[in-house]
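Each chain is listed here by its residues.
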Amino acid sequence: MKLNLNAGGVKMYEELSRFMGLGPMFALTLAMLMTVLAVFAIKDFLAVNAEQTKAKENPKFEVSKAPVSAKAYENYAFVLQRVSPGVKVSADKDKLIIESPSADTFPEFMYVLNSIQGLSNKVIWKAEEICLAGCQGAASRAIVSGFEEKVKVTLRGNES
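Residues numbered from 1 in each chain as written. Predicted model: local features only at pLDDT ≥ 70, side-chain atom pairs only at ≥ 80, totals over all residues. Heavy atoms only, no water.

Points about the environment of G23
As for its placement among the helices and strands, G23 is situated in helix α2 (residues 23–56). C-alpha of G23 to C-alpha of E129: the two residues are 106 residues apart in sequence and 91 Å apart in space. (Helix = DSSP H or I, 4+ residues; strand = E, 2+ residues; numbered from the N terminus.)

What about the nonpolar core?
Among the nonpolar cores identified, the biggest contains 18 residues, and I98 and W125 are the most heavily contacted of them. Breaking this core down by element, the ones donating at least two residues are α3 (70–83), β3 (96–100), α4 (106–115), β4 (123–131) and β5 (140–154). Sorting elements by how many residues they give to this core places α3 first, with five residues. With residues near it in sequence (within four places) discarded, W125 still touches Y73, Y76, L96, I116, Q117, L119, V144, S145 and G146. (Core = buried A, V, L, I, M, F, W, Y, C linked by side-chain atoms within 4.5 Å. Buried < 20%, exposed > 50% of the residue type's maximum accessible area, 1.4 Å probe, protein only. Contact = heavy atoms within 4.5 Å.)

With respect to the packing of aromatic side chains
Summed over all chains, the structure comprises three aromatic pairs. On the basis of an interplanar angle of 70° and a centroid distance of 6.2 Å, the ring pair of Y73 and W125 is categorised as edge-to-face. Remark: W125 occurs in strand β4 and Y73 occurs in helix α3; sequence separation between them is 52 residues. For W125, a relative accessible area of 13% corresponds to the buried category. Grouping aromatic residues by their ring pairs yields a cluster made of Y73, Y76 and W125. Looking at K65, its charged tip hangs above the ring of F147, at a distance of 4.6 Å from the centre. (Phe/Tyr/Trp six-rings, centres within 6.5 Å; stacked < 30°, edge-to-face > 60°. Lys NZ or Arg CZ within 6 Å of the ring centre and 35° of its normal.)

Side note on the pattern of salt bridges
Opposite charge on two side chains allows them to pair when their charged atoms are near. Summed over the entire model, instances satisfying the criterion amount to three salt bridges. Ionic pairing is found between K88 and E99, a salt bridge with its closest N-O pair at 3.9 Å. Residue K88 is located in strand β2 (residues 88–91), and its partner E99 is located in strand β3; the two are separated by eleven residues in the primary sequence. On the basis of relative accessibility, which here comes to 48%, the residue K88 falls in the partly exposed class. Notably, a salt bridge pairs K95 with D92, separated by 3.7 Å at the nearest N-O pair. The class of D92 is partly exposed, set by a relative accessible area of 33%. Residues participating in the shared-partner salt-bridge network are K88, E99 and R141. (Salt bridge = Lys/Arg side-chain N within 4 Å of Asp/Glu carboxyl O.)

Limitation: the analysis is restricted to geometry and does not speak to function.
So, in C-alpha cells, the structure goes:
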C-alpha cells in the first residue's frame with residue numbers, strides 16, 4: 001500500500017477515505033485493550049482493598065489482674081527483713097508494711113523500699129501509703145501492695 005499525498009486534493013481525499021474503513025477495526029481493538037486494562041485495574045483494586053481490610057484488624061489484648069497470695073507476702077517480708085535488719089518489714093494478708101523506727105535508719109528504709117520491685121519480675125507493686133517523717137509510731141512508714149498482671153494476645157485469624 002502506497003500513500004501518495006502529492007497527487008492533489010481529490011487523491012488525498014480518496015486515500016483518507018480508504019483508511020476510514022479501518023476505523024471500526026481500530027475502535028474495536030482499542031475497546032478490547034481498554035476492557036483488559038479495566039479488568040486488571042479492578043482486580044488490583046480488590047486485592048489492595050482486601051489487604052487494607054485485613055490490616056485494619058488489630059490484635060486483641062486482654063489484661064487480667066490477680067492479687068498476690070498471703071504466703072507470698074510473708075516470703076517477701078522475710079526477704080526484705082534480711083536486706084536491712086534495722087527496718088521492720090511485716091506482712092499483712094494483702095500488703096507489706098515497712099517501718100523505720102528512727103530517723104537514723106532512713107537510708108536503710110529507702111533502700112528496702114527501692115528493693116521491693118526486684119523481688120519478683122511477675123509482681124507489680126503499688127504504694128498505698130508512704131510517710132517519710134513523723135508517722136504513726138515510726139519515723140518512716142510505707143504500705144505496699146502487689147498484684148500480678150497477665151496479658152493474653154489474640155492475633156489476626158487466631159480467634160477461637
